[in-house]
Amino acid sequence: GCGGGLAGARIMIWVVKLGGSLCNDARLATWLDMLVDWGKGHVVIVPGGGPYADAVRIQQQRWQFSDEFAHRMALIAMDQFALQLKGMNPLLVIAPTRATIASAWSNNQVAVWLPSAMVSSAAEIAATWDITSDSLAAWLARTLQAERLVLVKSCMIPLHATIDELVRCEIIDREFTNITRAAPFRIQIVSVSDIDQVRRDLAHFQSAK
């Protein structure tokens, strides 16, 4: 899993999805600092939807508009969380396209993905609430030929839980298993409190570069 197609460079790519439930978590800024310090040149952050997506759900229930429009609004909700992350940590680089992600890495920076443009033009992604930001992070990991996908959750993750068990507990969405079937990248699902573990993994990776 190397990003040979990106700017011709062989990059060990990590996609790190920060759940929308972290939006108001005091530890969010610490995660951003850690990723900016240890993920230079190879990490892209995927934002969840958080309260911005919750607002879409409330309006859809109120006005009963179609899932197609709710899906498009939910993508913009992820964009909003991405912009919040950039606002919190100016060292992040806003990246709506593969080219801008690659450019951030070539400048030894960490990208934060604005998903709405890339996902809206991807015909294979259905406009449904079954596909959450977890599945979109997996889709991006496939698209970028990533080495690892890390999903950071606000809840505790049971030790040795399988993806199917996490789907049953509604910790990850139903579509995630389909998108990650036979995935060529490692999938790591962690709690927000597991920051030291992820830092160690990133540090180990950086020293091996």
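Remember, predicted model here, so these are calculated numbers, not experimental data. (Residues numbered from 1 in each chain as written. Predicted model: local features only at pLDDT ≥ 70, side-chain atom pairs only at ≥ 80, totals over all residues. Heavy atoms only, no water.)

Visitor: How would you summarise the overall build of the protein if you had to cite specific residues and measurements?
Guide: Each helix and strand counted, the protein has nine helices and six strands in total. With respect to the three principal axes, the spread of C-alpha positions in the protein is 50 × 35 × 35 Å. A buried classification covers 49% of the 209 residues belonging to the protein. Summed over all atoms, the accessible surface of the protein reaches about 9,900 Å², with 54% contributed by carbon and sulfur. Taking the average location of the 19 positive side-chain charges in the protein and that of its 19 negative ones, the two points are 5 Å from each other. (Helix = DSSP H or I, 4+ residues; strand = E, 2+ residues; numbered from the N terminus. Buried < 20%, exposed > 50% of the residue type's maximum accessible area, 1.4 Å probe, protein only. Areas by Shrake-Rupley, 256 points an atom, 1.4 Å probe, with all protein chains shown as cover. Lys, Arg positive; Asp, Glu negative; His and termini not counted. Charge placed at Lys NZ, Arg CZ, Asp CG, Glu CD.)

Visitor: Tell me what's going on with the packing of helix 2 (residues 50–63) against helix 3 (residues 67–88), and back it up with residues and numbers.
Guide: Viewed as axis vectors pointing N to C, helix 2 and helix 3 meet at an angle of 155°, and their least axial separation amounts to 8 Å. Relative to helix 3, the element helix 2 is oriented roughly antiparallel. Remark: the crossing between helix 2 and helix 3 carries right-handed chirality. Residues Y52, A53, V56 and Q60 of helix 2 pack against D67, A70, M73, A74, A77, Q80, F81 and Q84 of helix 3. Classifying every residue of the contact of helix 2 with helix 3 gives eight nonpolar, three polar and one charged. (Axes fitted to C-alpha atoms, helices over the stretch in contact; angles between N-to-C directions. Parallel < 35°, antiparallel > 145°, perpendicular 65-115°, else oblique. Left-handed = near helix turned anticlockwise from the far one by under 90°. Contact = heavy atoms within 4.5 Å. Nonpolar A, V, L, I, M, F, W, Y, C, P; charged D, E, K, R; others polar.)

Visitor: How would you summarise the layout of surface pockets if you had to cite specific residues and measurements?
Guide: Looking at the largest pocket, its volume works out to about 740 Å³. The wall of the largest pocket is formed by 33 residues, among which R57, T132, S133, D134 and D173 lie closest to the centre. Sorting the residues of the lining of the largest pocket by element identifies helix 2, helix 3 and helix 6 (133–143) as the ones contributing at least two each. A total of six residues in the lining of the largest pocket trace back to one element, the largest contributor, which is helix 3. Of the volumes computed, that of the second largest pocket is approximately 260 Å³. Forming the walls of the second largest pocket are 16 residues, and the residues nearest its centre are I157, P158, H160, A161 and I189. Counting only elements with at least two residues in the lining of the second largest pocket, the list comes to helix 7 (163–168) and strand 6 (186–191). At five residues, strand 6 tops the list of elements feeding residues into the lining of the second largest pocket. Looking at the lining of the second largest pocket, its residues break down into 10 nonpolar, five polar and one charged. (1 Å grid on protein atoms, 1.4 Å probe; cavity = no way out; pocket = protein on both sides within 12 Å on 5 of 7 lines; lining within 4 Å. Points joined across faces, edges and corners; volume = space filled by probe spheres on them.)

Visitor: Hey, could you go over the environment of N178 for me, with residue numbers and the actual values?
Guide: As for its position among the elements, N178 is in helix 8 (residues 176–179). Along the chain, N178 and A138 lie 40 residues apart, while their C-alpha atoms are 10.0 Å from each other. At a separation of 3.2 Å, a polar atom in the side chain of N178 contacts the side chain of R181. (Polar contact = N/O pair within 3.5 Å; in protein donor to acceptor, adjacent residues only side chain to side chain.)

Visitor: Tell me about the packing of helix 1 (residues 28–38) against helix 9 (residues 195–208), residues and numbers included.
Guide: Between two packed helices, the angle of one axis relative to the other and the distance separating the axes together describe the packing. Where helix 1 meets helix 9, the axes come as close as 10 Å, and the angle between the chain directions of the two elements is 10°. With respect to each other, helix 1 and helix 9 are oriented roughly parallel. Of helix 9, the residues touching helix 1 (which contributes T30, W31, M34, L35 and W38) are I195, V198, R199, L202, A203 and Q206. When its residues are assigned to classes, the contact of helix 1 with helix 9 shows eight nonpolar, two polar and one charged.

Visitor: Could you give an account of the side chain of K17, with specific residues and numbers?
Guide: Counting through the fold element by element, K17 comes out in strand 1 (residues 14–18). What makes K17 buried here is its relative accessible area of 4%. Of note is the side chain of K17, whose polar atom sits 3.0 Å from the side chain of S133. Those residues within four positions of K17 in sequence are excluded, and the remaining contacts are V46, G48, S133, D134, A137, V150, L151, V152 and K153.

Visitor: Quick rundown of the packing of aromatic side chains? Include the residues and the values.
Guide: If you walk through the whole model with that rule in mind, you get one aromatic pair. For the pair W113 and W139, a centre-to-centre distance of 6.2 Å together with 25° between the ring planes defines the contact as stacked. Of this pair, W113 sits in strand 4 (residues 111–113) while W139 is found in helix 6, placing the two residues 26 residues apart along the sequence. The pair W113 / W139 is uniform in exposure class, with both members buried. (Phe/Tyr/Trp six-rings, centres within 6.5 Å; stacked < 30°, edge-to-face > 60°.)

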